Amino acid sequence: MMKTSTDADIVIVGAGLVGALLGLQLARQLPQLSLVVLEAADAPTRFDATRVDPRVVALTENSVAMLRAVGLWDRVAAQRVSPYTHMTVWDGEGTGRIEFDGALVDRPQLGFIVENSLLVSELQQALSYQPNVQLLMGEQVAEVQLPSVNGDDQFGAVQVGLANGRQMTAALVLAADGGNSTVRALAGMAVREWDYQQQGIVTTITTERAHDQVARQRFMKTGPLALLPLTTGATPGHQCSIVWSADCARAEAIMALDDDAFCRALTDAAEGCLGRVTAADRRFSFPLWQRHAVDYCAPGLALVGDAAHTIHPLAGQGVNIGLKDVAALVTEIERALSRDLPLGCMATLRRYQRARKADNLLTMAGMEGFKRLFGADSHWLRWLRNEGLRQVDRQPLLKRALIHHAMGVKAP
Ligand SMILES: Cc1cc2nc3c(=O)[nH]c(=O)nc-3n(C[C@H](O)[C@H](O)[C@H](O)COP(=O)(O)OP(=O)(O)OC[C@H]3O[C@@H](n4cnc5c(N)ncnc54)[C@H](O)[C@@H]3O)c2cc1C
């Protein structure tokens, strides 16, 4: 096959939420750069307003601000977003409960539930209009060759080979190709991972009682169940997107239920908090992994979003920490350019790693701690977590700090 060559300052691999926003921010803030964005999917993501995408994300105030800064939030909000004003978390095996409300931090809402396809379609469209961006669909990376290094010196550019035989050269490659990152594997970057032996089941449901814009999460020994309020549907205020995590055998059994039995099982699992579950859309399930790259960078290469870290969906923070990576990476690239440093130099990429790794580790450790605490059988741990939830619920200052942290904003 004939090989052609395309040169770009930066190649971004993956045009999901993280890669597309990264491309858009770089293109807008640094118009002197030439960017290529490679996406494996054959066609751009389309948002179908006649149905609810089972894949949703809970966006924090910080993530919304980033979308607003690239001029997309108003377009997204005009189509379909679901604010949630309150969150209730409770222990399914005990009596502990904690309530968070936007009013506690003087906000009309705690965050927004948004369909993944709506966000990605808007981001990809905006990206395709950028004069300094080439968005190439249906392109898979098959080979990555990093520059050679001698001491502090780096030689040459990154070579990227595509599955169709095409070769590209770039000063910097940014891997935003998700949890199973091909680029990370091709570059031989180590990852610490553990299989939760759980599946996450997602679907959209209709409930007897209105959700009143409250996000609900019930922790059970077998895994958490989240009910995220949506503003869609024939009976507005009665639809939720769910993420039900369960051990693999139980998840398979749940997936095999017919719709009526599924609705009954879900009503029980949710302790009837919204009355009966009266209908459910098609269900999808995903294996749940925790993954963290040992390093986020190599000469000429940085990992971003799920390619660097994949976390349990129990706190809905995956995308939000990925978007914080984007902000840090753009800052460091801008800084490198302003100082005439080569784009892919390790000094710049290590600054990005330092800016993000500790925060990501903290979030991951928090998720893991929560998961283990609620998965424990011990009578003492059960008592401790119920008492802990009750104590935290009585401390408005602590709750305010927790909400600010979860929203990704600094406390005033
Ligand atoms: C069940 C579930 C519920 C979740 N709920 C939430 C939530 O409420 N809030 C939240 O913040 N997060 C949530 N998450 C996590 C969130 O979905 C991810 O963190 C987020 O999608 C990561 O974005 P990303 O762009 O890094 O990766 P992805 O969304 O995985 O995008 C990667 C992109 O790269 C492309 N790609 C892959 N390989 C290649 C290749 N070799 N070459 C070119 N392109 C490639 C893919 O096609 C894709 O478009 C949830 C996850 C799951 C599984």
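Rules behind the numbers
Residues numbered from 1 in each chain as written. Predicted model: local features only at pLDDT ≥ 70, side-chain atom pairs only at ≥ 80, totals over all residues. Heavy atoms only, no water. Near = heavy atom within 4 Å. Polar contact = N/O pair within 3.5 Å; in protein donor to acceptor, adjacent residues only side chain to side chain. Areas by Shrake-Rupley, 256 points an atom, 1.4 Å probe, with all protein chains shown as cover. Helix = DSSP H or I, 4+ residues; strand = E, 2+ residues; numbered from the N terminus. Buried < 20%, exposed > 50% of the residue type's maximum accessible area, 1.4 Å probe, protein only. Pairing = 2+ DSSP bridges. Core = buried A, V, L, I, M, F, W, Y, C linked by side-chain atoms within 4.5 Å. Contact = heavy atoms within 4.5 Å. Phe/Tyr/Trp six-rings, centres within 6.5 Å; stacked < 30°, edge-to-face > 60°. Lys NZ or Arg CZ within 6 Å of the ring centre and 35° of its normal. Axes fitted to C-alpha atoms, helices over the stretch in contact; angles between N-to-C directions. Parallel < 35°, antiparallel > 145°, perpendicular 65-115°, else oblique. Left-handed = near helix turned anticlockwise from the far one by under 90°. Nonpolar A, V, L, I, M, F, W, Y, C, P; charged D, E, K, R; others polar. Salt bridge = Lys/Arg side-chain N within 4 Å of Asp/Glu carboxyl O.

### Details of the site of the ligand
Looking at the ligand, there are 29 residues lining it, with E39, R55, D306, G316 and V319 nearest. L17 is positioned with one of its backbone polar atoms (N or O) 3.4 Å from an oxygen atom of the ligand. One nitrogen or oxygen atom from the main chain of V319 is found 2.7 Å from an oxygen atom belonging to the ligand. Notes on the ligand: free accessible area 1,000 Å², of which the protein chains cover 85%. Every element with two or more residues in the shell around the ligand is listed here: α1 (17-29), β2 (35-39), β3 (56-59) and α8 (318-338).

### Brief notes about the pairing of strand β15 (residues 214-219)
By the criterion of burial, β15 is predominantly enclosed, with 6 of the 6 residues buried. The alternating pattern of β15 places V214, R216 and R218 and A215, Q217 and F219 on opposite faces, both of which are buried. Taken together, the 6 bridges between strand β5 (residues 86-91) and β15 define a ladder with parallel strand orientation. Bridge pairing links T88 to R216 in β15. Across 3 bridges, β15 lies against strand β16 (residues 225-230) in antiparallel orientation. For R218, the partnering residue across the bridge sits in β16 and is L225. Between β15 and β16, which pair antiparallel one after the other, the connecting turn spans 5 residues, and G223 there sits at a positive phi close to 135°.

### Some words on the nonpolar core
Grouped together as the largest cluster of nonpolar side chains are 76 residues, with contacts concentrated most on I10, L26, L38, L174 and I333. Contact partners of I10, with chain neighbours within four places excluded, come to L26, L33, S34, L35, V36, A170, L172, L174, I333 and L343. By size, the runner-up hydrophobic cluster in this structure holds 19 residues, among which are L227, F262, L266 and A269.

### A short note on the packing of aromatic side chains
For the structure on display, the rule yields 3 aromatic pairs. With centroids separated by 6.2 Å and ring planes inclined at 45°, the aromatic side chains of Y296 and Y352 adopt a geometry described as tilted. Taken together, the positions of Y296 in the loop between β19 (284-293) and β20 (297-298) and Y352 in helix α9 (residues 346-375) put the pair 56 residues apart, joining distant regions of the chain. Just as Y296 is buried, Y352 falls in that class too. Between the NZ or CZ atom of R283 and the centre of the ring of F262, over which it lies, the distance is 4.1 Å.

### Some details on the packing of α1 against α8
Where α1 contacts α8, the two axes come as close as 10 Å, and the packing angle between them is 30°. Relative to α8, the element α1 lies roughly parallel. As for how α1 packs across α8, the hand of that crossing is right-handed. Here L17, V18, L21, L22, Q25, L26 and Q29 of α1 lie close against α8, whose contacting residues are V319, G322, L323, V326, L329, V330, I333 and E334. When the residues that make up the contact of α1 with α8 are grouped by side-chain class, the tally is 11 nonpolar, 3 polar and 1 charged.

### A short note on the sheet that holds strand β4 (residues 82-84)
Spatial ordering of the open sheet is given by β3-β7-β4, a layout of 3 strands whose pairing is antiparallel. One side of each edge strand has no neighbouring strand; the edge strands of this open sheet are β3 and β4. Neighbour-to-neighbour, the strand axes of the sheet open up by a mean angle of 25°, direction not taken into account. In this structure, β3 lies alongside strand β7 (residues 111-115), joined through 4 bridges in antiparallel fashion. Note on β7: the bridge partner recorded for L59 is F112.

### So, unusual backbone geometry
Backbone geometry at Q197 places phi at a positive 55°, although glycine is not the residue there. Its identity as a non-glycine residue notwithstanding, Q213 has a phi of 60°, on the positive side. Position of Q213 among the secondary structure elements: in the loop between β14 (191-207) and β15.

### Here's the deal with the pairing of β5
β5 sits mainly inside the fold: 5 of its 6 residues count as buried. When β5 meets strand β6 (residues 97-101), the two strands line up antiparallel, connected through 5 bridges. Looking at β6, one finds that W90 is bridged to R97. Hairpin connection from β5 to β6: 5 residues lie between these consecutive antiparallel strands.

### With respect to the pattern of salt bridges
One pass over the structure, following the stated rule, counts 12 salt bridges. A salt bridge links E139 to R166, with the nearest nitrogen and oxygen atoms 3.9 Å apart. Here E139, found in the loop between β8 (133-137) and β9 (141-145), pairs with R166, found in the loop between β12 (158-162) and β13 (167-175); they are 27 residues apart in sequence, far enough to count as distant. Its relative accessible area of 11% is what places E139 among the buried residues. On the basis of relative accessibility, which here comes to 21%, the residue R166 falls in the partly exposed class. Measuring nitrogen to oxygen at the nearest pair gives 2.7 Å for the salt bridge that ties R356 to D325.

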